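Geometric and topological summary
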Amino acid sequence: QVTLKESGPGILQPSQTLSLTCSFSGFSLSTSGICVSWIRQPSGKGLEWLATICWEDSKGYNPSLKNRLTISKDTSNNQAFLKITSVDTADTAIYYCARSPAGGTIYFDYWGQGVMVTVSS
Amino acid sequence: DIQMTQSPSFLSASVGDRVTINCKASQNINRYLNWYQQKLGEAPKLLIYNANSLQTGIPSRFSGSGSGTDFTLTISSLQPEDVATYFCLQHNSWPTFGSGTKLEIK
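None of these values were measured; they are calculated from a predicted model.

1. Some points on the pattern of salt bridges
Residues and elements named next belong to chain B. Under the defined criterion, the tally for this structure stands at 8 salt bridges over all chains. A salt bridge links aspartate 70 to lysine 24, with the shortest nitrogen-to-oxygen separation between them at 3.1 Å. With aspartate 70 in strand 8 (residues 70-75) and lysine 24 in strand 3 (residues 19-25), the pair connects residues that are 46 residues apart, well separated along the chain. Residue glutamate 81 pairs with arginine 61 through a salt bridge whose shortest N-O separation is 3.6 Å. Of this pair, glutamate 81 sits in the loop between strand 8 and strand 9 (84-90) while arginine 61 sits in the loop between strand 6 (53-54) and strand 7 (62-67), and the two are 20 residues apart along the sequence.

2. Overview of the layout of surface pockets
Quantified by volume, the largest pocket comes out at close to 590 Å³. Lining the largest pocket are 28 residues; nearest its centre among them are A:Gln41, B:Gln38, B:Leu40, B:Thr85 and B:Lys102. Counting residues per element, the ones that place at least two in the lining of the largest pocket are strand 9 (93-100) of chain A together with strand 9 and strand 11 (101-105) of chain B. In terms of residue count, strand 11 of chain B provides more of the lining of the largest pocket than any other element does, 4 residues in total. Tallied by class, the residues present in the lining of the largest pocket amount to 10 nonpolar, 13 polar and 5 charged. Counted as a void, the second largest pocket has a volume near 280 Å³. Along its surface, the second largest pocket is lined by 15 residues, and A:Val2, A:Asp109, A:Tyr110, B:Pro44 and B:Lys45 are the ones closest to its centre. Elements with a minimum of two residues in the lining of the second largest pocket: strand 1 (3-7) and strand 10 (110-111) of chain A together with strand 5 (45-49) of chain B. The residue makeup of the lining of the second largest pocket, split by class, is 8 nonpolar, 5 polar and 2 charged.

3. Focus on the pairing of strand 3 (residues 18-25) of chain A
Residue and element names in this part refer to chain A. Note: strand 1 against strand 3, 5 bridges, orientation antiparallel. Along strand 3, the bridge assignment pairs lysine 5 with serine 23. Here strand 3 runs beside strand 8 (residues 79-84); their pairing, made up of 6 bridges, is antiparallel. In the sheet register, serine 19 faces strand 8, and the bridge partner there is lysine 83.

4. Examining the interface of chain A and chain B
Tallying the contact residues gives 17 residues for chain A and 17 residues for chain B. Interface of chain A and chain B: buried area, both sides summed, is about 1,400 Å²; carbon and sulfur atoms make up 66% of it. Counting the surface chain A buries against chain B, the share from its top three residues, A:Leu47, A:Tyr107 and A:Trp111, is 36%. Where chain A touches chain B, the interface holds 0 salt bridges. Split into classes, the residues belonging to the side of chain A that touches chain B amount to 10 nonpolar, 5 polar and 2 charged.

Rules used throughout
- Residues numbered from 1 in each chain as written.
- Chains lettered and ligands numbered in written order.
- Predicted model: local features only at pLDDT ≥ 70, side-chain atom pairs only at ≥ 80, totals over all residues.
- Heavy atoms only, no water.
- Salt bridge = Lys/Arg side-chain N within 4 Å of Asp/Glu carboxyl O.
- Helix = DSSP H or I, 4+ residues; strand = E, 2+ residues; numbered from the N terminus.
- 1 Å grid on protein atoms, 1.4 Å probe; cavity = no way out; pocket = protein on both sides within 12 Å on 5 of 7 lines; lining within 4 Å.
- Points joined across faces, edges and corners; volume = space filled by probe spheres on them.
- Nonpolar A, V, L, I, M, F, W, Y, C, P; charged D, E, K, R; others polar.
- Pairing = 2+ DSSP bridges.
- Contact = heavy atoms within 4.5 Å.
- Buried area = accessible area lost by both parts, 1.4 Å probe.

Rendered as structure tokens:
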């Protein structure tokens, strides 16, 4: 059974760095073709793909946010991470991690329930 | 980036009705279109991938069609447990989502 769970700080101040953790089970990031992605949804707005990391450590970033994002993984502990620098109120959102299966394109077959992150002074 | 225009934003239908939701891509995405269901407080669930392939474990009343720029999700006979928000995702290039359709029972 594939499960993913996100964790984060809950609330942080503008200009700080947001650090998110995705803990997963039921699959391994050392398996050929498997990737983990981050997606977010600001309240009342649509979903936005942020970043993806794959089994061989390749990474992809949303071009509109690329300069602020860093994705990484700890394969032995079944975790993936996302850092977003210089946050502001526009980064307030529910953040999801999801598994991206093998297949050559980035899509998401299993998702976590999401974690709410609020940026406020 | 590829823009996805989803319609309608809101849909109210009766149990047993045939329901359709549409997504239109701003450029050709071949068949790289997925449909998801998200119930309140739950993780999104993959229903359909690559335009018309039913994900394992999803009821057969859900189906997808289309290619190129125009895609449709169909629920052949609406059930009470189908109340949810549905959204599309294109993965022909870096992924972008439709804005969602909130489905309720009349």
